[in-house]
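Residue-level structure breakdown
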Amino acid sequence: APGTPAMSRSASLAELPPGANHLDLRFVPREAGNYSGEVLLVSPLDVRLYEVAGTASAPGIEAELVMSAPARHFVRQELPIVNRTDAEWTVTASLKGRGFSGPPSARVPAGETGHYPLEFAPDWTGTYDGSLVLTNGTTGDRYSYSLKGTGEEPLAEGHLVLECTARTPKALPVRVFNATADGAPCELRVDSDLLHATGPPTVAVPARGRGSGGGETTYELRVNAQMGGTIHGSVTFTAADGRFLWYTIEVRAAPPPAERTIEVSAPLRKVVAIEIPIANPSSSPLEIGVTIVGEALYGEASVSVPAGPGASSSYELFFSPLSAGTSSGYVAFVHEEVGEFWYELSLTGEAATPVDLPTLQCPIGSSVNQTFTITNPLGEPLSLKVALSDEAHWKLEPAGGATALALPPFGDLAVSLVYTASELDTPQPLTVSVSHPALGELLYAASGIGVEPVGAAPIAELASALGQPASGQIAFRNPFDRPLGLSIRLEQPQEGRFRLLRKSKHVKLEPNQLWQLPYAFQTDDIAEFSASIVLDGAWDGRPLSWTFPLKGVAVSRPLLRPITLRTKSRVPLSRELTLPLRGLELAEPERFSVRLDVAGDAAAAITSTLQVTPLTQLLAAPSLGVSLEWAPLRPARATGALVVTRASGGCWRYDVLLEAEDPEAEDVITIAAAINKPAAVSFTLENVVKADAPFSAFFTGDTPAKFAVSPAAGVLSGNVGTTFTVTYSPDSYGKPLRGSLVIDTEDVRWIYEVRGTLPVYNPPVARPPPSGDARLGPSGSHKR
């Protein structure tokens, strides 16, 4: 029947075990919010769809917040609230605790992050406790916070700046408010660490009210800075209950007006002293600092004043200008107790007065000079700038071997002032200016007068080979500023030796023209001859004459080849030479001299070790015997000449070639060293000249680099000697190495032969077997 299947289905459902038709779902949200979804059930007979929704609430949060802020200031903490749902949240706040504040609620839009602003504003120092509970009205979530606050000492209410002038009082107004806990009218104690600040010890403030300006007043602090500059300090106002407020203060004090202006003037490079009285108003001695500003001002950095009041002392300031003109400066006296006072200085360097130099008299046509000294008062070298008012007749140049017009630090420079006259009996003045930016200007006044030529020019000597002509020339400059006519004549006691190489005996010179007159000398006699060239002229009808003396010397070179002297260093050489005297004619024996003429770098070393001794005292034969003793101490090579000069004039020159070779080795230094194991040998060397001398020690170029010497340079002692160490460092096997060590001073050279070898190897020697039968038996023991 139709009902039968239904009954069978019911009967079958009734037979299912309990819970067989239930589906369990697990809801595991990751965070607070609303969640939705669907469940689909499918069987061969049926399909079913279920919608599911879930709400996850946040767990309660409990946390502690710690906040700190200076008294009467606040700090804010933003507490984040994250809303990830689609609905807007309203979060209410329950806030308890003194010093903490915040709004009663906060709105957080859907899908955004909001913040709850919590502020902590302590009214004074101390510890503050409170609590905050945030409740989400939408989700029911609660967030609990335990609040801990610390009130720190208050910050300065402000930074006060006062612009003033030192030693001029000025008021500084300060805003003061009621800082007490109860706000009742009170008096605040005033404390300040600002120098030179005064004011009432207390200030009364009204009660603190709600109206604007309630509980406030103004305190006047008077400041009288005693010195220019910036001063920092503070002022504090303290109530009876210990609460206080304070300000930082910056005083910018301009220097006080000058006590007065002191006018000072001084000649250049002269010193003027200025005495300034200093009074002490205090009852204790003072050490007052001094600041000096201005060129050419000098003085001590402090001044001591005895205990006062009424005591005084004097400060001495020095002014020594180096350049003319006016300038300004000041001297300031500063002490923390008495303050600052200063004097303005009006400084004048008086124009330099020229130093008068002696008047020079100069024979017309020549030059004269005088020397004077310039002193440098400064501790730095100075290159001088020189200006001459008349450069046509004067010049200034270094003297005493100096090469430049430069002053050494705190030193002197000798200079030569040269005058060349161009007028007769007419003064020619000069002003010399010597200057440097640091030294200023030095002025010198000079004057010169031209006089008639007197005496003769320096002798011009001309040497001529025997029988051969030699030529020379004299130079003459027209000293006048207009043309000068001259006549020329040659004066000589013995005719024929000198002659003029100019046919005309007259010449006309333009103003300041330089003219040269050539002449020749020739003789066949070994002798000395003299002559004079005389130039005659006239100036404004006055006859003038200039004389130029000449000396001719005959020189004979009898030898065609040079005399050769060759030896080794420190090996003496003795030679006797016979020198021919070609052209010698004597009526009777004549005295003579012999000298060695050597040029070049080795001249000093050779002349100090070579002695020439004549074998006779007078020239009496056509030849001269001389003895040579040469004991060179170091290698040298030079050319020179033996010069024999007769007393009556004339000489013979004998060319000489001198050569001193390297000395023999002083010793052989043998060093045995293993591979990569350096070995050394030391020895002491004493200077043979018995004096300390700089030295250098080195090896010759053919010496292997395995050798080294120490020290390589220094001072060789002439008393106790110097110790040298030679090191040998082989790095491979091979044949023994050799080289040469050279020790050099300016006067002496030493050479040592160095040899590097390997240690001698001694191979082991086998010992002979002991007597008797030493063979092993079957048991391994010796049989005898």
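Residues numbered from 1 in each chain as written. Predicted model: local features only at pLDDT ≥ 70, side-chain atom pairs only at ≥ 80, totals over all residues. Heavy atoms only, no water.

1. Concerning the overall build of the protein chain
Within the protein chain, the secondary structure is distributed over two helices and 59 strands. Oriented by its inertia axes, the alpha-carbon framework of the protein chain measures out at about 190 × 130 × 70 Å. Burial analysis of the protein chain (784 residues in total) assigns 38% to the buried set. Here the analysis covers contacts within the protein chain between residues at least 6 apart in sequence; of these, 66% occur between residues at least 24 apart. For the protein chain, the computed accessible surface area is about 44,200 Å², with 52% contributed by carbon and sulfur atoms. Treating the 61 positive side-chain charges of the protein chain as one cloud and the 83 negative ones as another, the clouds have centres 11 Å apart. (Helix = DSSP H or I, 4+ residues; strand = E, 2+ residues; numbered from the N terminus. Buried < 20%, exposed > 50% of the residue type's maximum accessible area, 1.4 Å probe, protein only. Contact = heavy atoms within 4.5 Å. Areas by Shrake-Rupley, 256 points an atom, 1.4 Å probe, with all protein chains shown as cover. Lys, Arg positive; Asp, Glu negative; His and termini not counted. Charge placed at Lys NZ, Arg CZ, Asp CG, Glu CD.)

2. Details of the environment of serine 487
Mapped onto the fold, serine 487 is located in strand S39 (residues 484-491). Judged by its relative accessible area of 21%, serine 487 falls in the partly exposed class. Each C-alpha atom, one on serine 487 and one on leucine 501, is 15 Å from the other, the two residues being 14 residues apart in sequence.

3. Section: unusual backbone geometry
The peptide bond linking serine 710 to proline 711 adopts the cis configuration, its omega dihedral lying at 0°. Along the polypeptide, proline 711 turns up in the loop between strand S55 (707-710) and strand S56 (713-716). A positive phi angle, near 65°, is found at arginine 72, a position not held by glycine. In this fold, arginine 72 is placed in the loop between strand S3 (61-70) and strand S4 (75-82). Its identity as a non-glycine residue notwithstanding, aspartate 425 has a phi of 60°, on the positive side. Of note, aspartate 425 is situated in the loop between strand S34 (412-420) and strand S35 (427-436).

4. Remarks on the sheet that holds strand S12 (residues 170-177)
Spatially, three strands are ordered S12-S16-S14 in an open sheet, and the strand pairing comes out antiparallel. A strand with exactly one partner marks an edge of an open sheet, and here the two such strands are S12 and strand S14 (197-198). Here two bridges tie S14 to strand S16 (residues 216-223), and the two strands are oriented antiparallel to one another. Each bridged residue has a counterpart across the sheet, and for alanine 197 the counterpart in S16 is valine 223. (Pairing = 2+ DSSP bridges.)

5. A few points about the sheet that holds strand S17 (residues 229-238)
Spatially, S11-S18-S17-S13-S15 is the arrangement adopted by the five strands of the open sheet, whose pairing is mixed. Strands with a single pairing partner mark the edges of an open sheet, and in this sheet they are strand S11 (159-165) and strand S15 (202-205). Put simply, the sheet's adjacent strands are angled 30° from each other on average, direction ignored. (Axes fitted to C-alpha atoms, helices over the stretch in contact; angles between N-to-C directions.)

6. Here's the deal with the layout of surface pockets
Each pocket or cavity is described by its volume, and for the largest pocket that value is around 640 Å³. Taken together, 30 residues make up the lining of the largest pocket; nearest its centre are Gly365, Ser366, Ser367, Thr420 and Arg477. Breaking the lining of the largest pocket down by element, the ones donating at least two residues are strand S32 (394-398), S34, strand S38 (470-477) and strand S44 (542-556). In terms of residue class, the lining of the largest pocket is built from 16 nonpolar, 10 polar and four charged. (1 Å grid on protein atoms, 1.4 Å probe; cavity = no way out; pocket = protein on both sides within 12 Å on 5 of 7 lines; lining within 4 Å. Points joined across faces, edges and corners; volume = space filled by probe spheres on them. Nonpolar A, V, L, I, M, F, W, Y, C, P; charged D, E, K, R; others polar.)

7. A short note on a nonpolar patch on the surface
Taken together, the side chains of Leu23, Leu25, Leu41, Tyr50 and Val52 make up a nonpolar region of the molecular surface, amounting to roughly 440 Å² of accessible area. By secondary structure assignment, the location of leucine 41 is in strand S1 (residues 33-42). (Patch = residues over 30% accessible without salt bridge, like charges linked within 9 Å, V, L, I, M, F, W, Y side chains within 5 Å. Salt bridge = Lys/Arg side-chain N within 4 Å of Asp/Glu carboxyl O.)

8. Notes on the nonpolar core
In this structure, Ile374, Leu417, Phe476, Ile533, Leu535 and Trp546 are the most contacted members of the largest nonpolar core, which totals 53 residues. Among the elements that make up this core, the one with the highest residue count is strand S43 (residues 528-539) (five residues). In contact with isoleucine 374, not counting residues within four places along its chain, are Leu384, Leu407, Gly411, Asp412, Leu413, Val415, Val434, Leu442 and Tyr444. Residues Leu596, Ile606, Leu610 and Leu624 belong to the second largest nonpolar core, which totals 31 residues. (Core = buried A, V, L, I, M, F, W, Y, C linked by side-chain atoms within 4.5 Å.)

9. Topic: the packing of aromatic side chains
On inspection of all chains with the given rule, the structure shows 22 aromatic pairs. Summarising the aromatic geometry, the rings of tryptophan 124 and phenylalanine 244 are spaced 5.3 Å apart at their centres and angled 90° between planes, so their arrangement reads as edge-to-face. Taken together, the residues tryptophan 124 in the loop between strand S8 (113-120) and strand S9 (126-136) and phenylalanine 244 in strand S18 (residues 244-254) connect sequence positions 120 residues apart. Each member of the pair tryptophan 124 and phenylalanine 244 is classed as buried. Put simply, the rings of Tyr315, Phe333, Phe341 and Tyr343 touch in pairs and so form one group of aromatic residues. The cationic tip of arginine 482 hangs over the ring face of tryptophan 539; the distance from NZ or CZ to the ring centre is 3.8 Å. (Phe/Tyr/Trp six-rings, centres within 6.5 Å; stacked < 30°, edge-to-face > 60°. Lys NZ or Arg CZ within 6 Å of the ring centre and 35° of its normal.)

10. Considerations on the environment of valine 174
Considering the arrangement of structural elements, one finds valine 174 in strand S12. With relative accessibility at 1%, the residue valine 174 sits in the buried group.

11. Describing the pairing of strand S54 (residues 693-699)
Taking every second residue as pointing to the same face, the buried face of S54 carries Ala693, Phe695, Ala697 and Phe699, while none of Pro694, Ser696 and Phe698 on the other face is buried. When S54 meets S56, the two strands line up antiparallel, connected through four bridges. Bridging across to S56, serine 696 finds its partner in alanine 713. In this sheet, strand S58 (residues 737-744) lies alongside S54 in antiparallel orientation, the contact comprising four bridges. In the sheet register, phenylalanine 699 faces S58, and the bridge partner there is leucine 741.

12. Some thoughts on the side chain of serine 717
Along the polypeptide, serine 717 turns up in the loop between S56 and strand S57 (722-728). On the basis of relative accessibility, which here comes to 13%, the residue serine 717 falls in the buried class. From its side chain, serine 717 meets the backbone nitrogen of valine 720 in a polar contact 3.2 Å long. Among residues more than four places away in sequence, those in contact with serine 717 are Leu685, Glu686, Asn687, Asp692 and Thr722. (Polar contact = N/O pair within 3.5 Å; in protein donor to acceptor, adjacent residues only side chain to side chain.)

13. Structural notes on the pattern of salt bridges
According to the stated counting rule, one finds 34 salt bridges in the structure shown. For glutamate 461, the salt bridge goes to lysine 551, with nearest N and O atoms at 3.3 Å. One end of the pair, glutamate 461, is in strand S37 (residues 460-465); the other, lysine 551, is in strand S44, with 90 residues separating them in the sequence. Residue glutamate 461 is classed as exposed on the basis of its relative accessible area, which comes to 52%. When the shortest N-O distance is used, the salt bridge between glutamate 753 and arginine 755 registers 2.9 Å. Salt bridges linked by common partners bring Arg634, Asp662, Asp744 and Arg749 together as one network.

14. Points about the confidence of the model for the protein chain
Per-residue confidence for the protein chain gives a mean pLDDT of 87; residues scoring 70 or more make up 94%. Within the protein chain, helix H1 (residues 3-14) has the poorest average pLDDT of any element, 45, and strand S6 (residues 100-101) the best, 95. In this model residues 772-784 is a low-confidence stretch, pLDDT under 50, and it forms 11 contacts with partners more than four residues away in sequence or in other chains. (pLDDT = per-residue confidence, 0-100.)

15. Looking at the environment of valine 205
Position of valine 205 relative to the elements: it lies in strand S15. Taking the C-alpha atoms as reference points, valine 205 and valine 720, 515 residues apart in sequence, are found 95 Å from one another. Not counting residues up to four positions away in its chain, the partners in contact with valine 205 are Val176, Phe177, Asn178, Pro185, Cys186, Leu188, Gly215 and Thr217.

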